[in-house]
Amino acid sequence: MWEIYAYHNSESLFGIFNAIAAIMASGTYLSAVAAVAFCGFVAAMVAYMFAPEKLHGWKWIGSVVLVYGVLFVPRISVGIVDKTGGTPVKVVANVPFGMAALGGLTSSIGNSITELFETAFQVIPGSGSLPAELAYQQNGLMFGSRLLQETRRTSLPDPAVRTDLINFVGNCTAFDIADGTISPTTFSTSADLWATMAATNPGRFSIVTSGAGVTTATCDQVYASINARLPSQVTDLAQRLGLRLNPTLPSLAAQAAVMNQIPQAYIRSQIATASATAADLIRQNALINAINDSGEMGCQRINDPSCMMLATGRAAAVASQNAAWINGAKIAEQALPVVRNVAEATCYAVFPLVVLLMFLSSGRNTILMLAGYTTALISIQLWPPLFAILNYMASIYAQLDQAAAAEVGGGVKALSLQSASPIYSNAVSAQAVVSYLVIGIPFLAYSLANRLVNFGTSLVGGLSGLQSTIGNASASAAAGNSSMGNVSMDQRVVTPSTSNPWVSRSQDERGNWWTEDGAGRKAVTLLRNEGITSHQVTARVSQSDVEAASRTATSAAADVVSAGTTRATTLNEALNRIRQQTSSSRSTAGQSLSGYQEISKAAEQLSSETRRISAETGYGEDQVAGALLRFSAMPSAYGIGGGAAVEKKYGVSLSEAEKKILDHSDASTYRSVRSFGDRASSDRSFLNALSSEGTAGSSLASSLTSTASHAENAEQRYTEALARSNEIRLAHEQGLAYSRDLAADPANSAAVVEYERAADRYRGSPQALAAHMASMLGNMSFTTTRFSGGAALPSSFDDIHAAHVAGAQRGVLQPDLSGMKGHNDATVRGGALSSVPSAPQAGVPRTPQMPVVDAEVVGRPDLLDGGGLRTDIETGLNAQRRQNSEPMESFDSRHGLDRSKGTLVTHQSMVGRTLSRTKADVETALEDAGDAARQALIDAKARIANSPRQQAIDSTPEVPVMRPSSGKRRPNKP
């Protein structure tokens, strides 16, 4: 069994190996192997065909046999060994031999080197040795500094005990220090604060929490109460620290482990003596944190803002100083170890893909691929020994630094109020420095596995991040940009206005501001003018609007009733005609009998309802039918109370007979009436039958259609008018109004400025300002309407002025009247008065000359007559129609189409047509190929004929042969 050593990732490696074993044993993966092997075989065969001397095919076969027979087929078991936890070895069966062997060899090499380094570091004599509790394989990188950080952050878990301790410090210990009962120097440098605080004055009082509630007791009684409850608090803290620092161990094992780890970390850093226990160190850290909290709470208790500001600033300064270091420490603690585990698991997981790729390669390529995969595994397994070396060097450096920070004077080192903060800061800074060095470990490991290529660059590559951080911090300090600590979280400005980080505000290109809250709702603040003057336009629904809408609805209701009455008269006439036609059809059969078949059924149903209601009410059947047909478009009219419903809805008065008839009707009556009315108005066969019965029938058919359309339109208009009336009435009752401030519109910015100018001009006379504003409202106009119909009308006053200027400059509008008058006078003076012009002579009446007739028309006497010309046109038209109809009529027969079954069926074989077209395409392709081949042959002969070799042969008719035979070569024939 091969062993794979895991560092905090035994569970994930166990899952990876199980998944790979299942994948590579599945039939799907075997199918993939077969497909890839076939592709590789084809490629190798093609390569062998073109270059058999290179043996590509045989190399591929040998590679496939070795990969398949050595790396893939053999299956063995693999054990996952957890080096950083207490879990037992996890065994995975049926793992491919190649994966197990490569992983086991590289993992064993890395683990052996790591164990050798760890063992060597533990047996070094003097202060250079590293305890096993702080070794890398056990707990990871810089575990000693992590222990110091975790213990320094401890606080008592029970709120009651913590509150009592803070109150005891403020009410008892603070006054003991003030009156000299406890020396301030001793208190600040004490390594056991709880023992120092025991010397308290019993004459003072403090608050203590007990089973009976919160009570007041003397300081010595409060100390005794807290002292009795502290051991359980320390035990609880130890259990929590154990689970936090040893997450892979069970609860009891983790607690036992941390009780040994904490003293070793403090003793190796010279912060505590060899006699210190883990409980004492945990209690000391919890007391230091409680005393610091008591000091800050004291500022709040005495309501001293300056004290609170100083305490907050000091805490923020420490947090700001340690923030960057803590981030770097997290990299050293978690990030890169996680990256290493992910990289290792990924390398194992891609083994099935590597096998598939090997089936496509052969010979040297297969060996290079396997070597590259092995190099990646080796480089990953070199991380633990390199981490172990880095952990040893960094831990020794951190121990010296923390020992210097624990100095309390006189060569004494202890964890006290005075040294607590420097110890924590040094622990964090040590981890931060190591984090920058950790970044170079992956590059260094790969360089070592890859024949030390770029070893020097990889070695110093991790220092680049440290150098950039130091440069940034130094530049800020040199410029004077140092702060006491600025930490903000959901920033809140303590002013009359507050802002919420979940609300965003943005401005668009039109100057409008959009505000969006955390729920996704949006609001807009439009760009607007702001001033004193307001020019508003308001639209609201008045009482007159409500009355006008009501009158419109009443008029529409009257139209509905009138249209129903007119339609009822027409339908009653149609019903009588149907009855007559039906009674006469029993003895004789007319041409239009078929048109009455469907509607006669509806008429019979209506007649049945009419007879029933007539019998119940005592009114005649014609009167009942007329009343029912009058309200055929009103479903609410049929049934008990139907007459009252019609009167209420349509505002019409009904007679007692109509009300009684409607009261005796029901839903079936309405269906019968509606069915008859719809058929009589829309049944085309019935209407055609009526139209064929003469003028009376045609008039009745037209009336049925027009009255039905009129009734439907009237009902639609009434519905719209009633809805409009209800909307206007509701808007009036709710007081809805629309108002717009024209002065706030950015388009009217010039008007707003004009308003302000007018107000400034008439500032002393409100009446004059009011008159001016009224004049402005009267003169206000929007943009001049632009005519689009082509009329020569101006669109603005500027156009009118331009037209006037252009017209004034035209010469025809400015004649030289004086010059023209002088010219005419000179002409008149120079003429003779006796020469009277003769009167024109009248001509002889004659017939006007007709146009010349075309020769073609003269040759056709029939065209000279109007009747012959019409006959000729009709003859030509019929001939053209026959010529156009013949191709259309013969289209189905020519294409083998059949429409007799109501569908389009073709008798031509689509397969045959496709084959014929395919044959034609193949013949065309063969002809094109033959032409191309012949052209290529001609081009080749031309190139050979024009080549230097052929020209040399042609210029040398006789060339001696190079073999022992007699004779000479014959010259080429021309």
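Parameters and conventions
Residues numbered from 1 in each chain as written. Predicted model: local features only at pLDDT ≥ 70, side-chain atom pairs only at ≥ 80, totals over all residues. Heavy atoms only, no water. Helix = DSSP H or I, 4+ residues; strand = E, 2+ residues; numbered from the N terminus. Buried < 20%, exposed > 50% of the residue type's maximum accessible area, 1.4 Å probe, protein only. Contact = heavy atoms within 4.5 Å. Core = buried A, V, L, I, M, F, W, Y, C linked by side-chain atoms within 4.5 Å. Pairing = 2+ DSSP bridges. Axes fitted to C-alpha atoms, helices over the stretch in contact; angles between N-to-C directions. Salt bridge = Lys/Arg side-chain N within 4 Å of Asp/Glu carboxyl O.

## Observations regarding the overall build of the protein chain
Broken down by element type, the protein chain carries 38 helices and 14 strands. Here the protein chain holds 974 residues, and the buried ones make up 33% of them. Restricting to contacts in the protein chain with at least 6 residues of sequence separation, those with at least 24 account for 66%.

## Observations regarding the nonpolar core
Counting residues in each nonpolar core, the largest one holds 51 residues, and the members touching the most others are L147, L165, F168, W194, M197, I262 and Y266. Looking at this core, the elements with two or more residues in it are α6 (143-152), α7 (159-178), α9 (193-196), α10 (219-245), α11 (251-268), α12 (278-301), α16 (383-405) and α17 (420-438). It is α10 that contributes the most residues to this core, ten residues altogether. Within the second largest apolar cluster, 45 residues are counted, among which are L571, I599, A627 and A701.

## Topic: the sheet that holds strand β10 (residues 522-525)
In sheet architecture, strand pairing relies on hydrogen bonds along the backbone and comes in two forms, parallel and antiparallel. The sheet built from three strands is open, its strands ordered β8-β9-β10 with antiparallel pairing. What marks the edges here is a single partner per strand, and that holds for β8 (504-507) and β10. Averaged over neighbouring strand pairs, the angle between their axes works out to 20 degrees when direction is ignored. Bridge count between strand β9 (residues 513-516) and β10: four bridges; the pairing is antiparallel. Considered in β10, the bridge of E516 is made with K522.

## A closer look at the sheet that holds strand β3 (residues 90-96)
With respect to topology, three strands assemble into an open sheet ordered β1-β2-β3, the strand pairing being mixed. Looking at strand neighbours, the two that pair on one side only are β1 (2-6) and β3, the edges of this open sheet. Taking the axes of each pair of neighbouring strands and ignoring which way they run, one obtains an average angle of 30 degrees across the sheet. The pairing of β1 with strand β2 (residues 75-82) spans five bridges and is classified as parallel. Bridging from a neighbouring strand, E3 pairs with G79 of β2.

## What about the pattern of salt bridges?
Taken as a whole and judged by the stated rule, the model has 19 salt bridges. Residue E150 pairs with R153 through a salt bridge whose shortest N-O separation is 2.8 Å. According to the relative accessible area criterion, R153 is partly exposed, its value standing at 42%. Among the salt bridges present, the one from R283 reaches D192, with a minimum N-O distance of 3.3 Å. Placement of R283 in helix α12 and of D192 in the loop between α8 (184-189) and α9 is noted, with a sequence separation of 91 residues between them.

These figures come from the coordinates and say nothing about function on their own.
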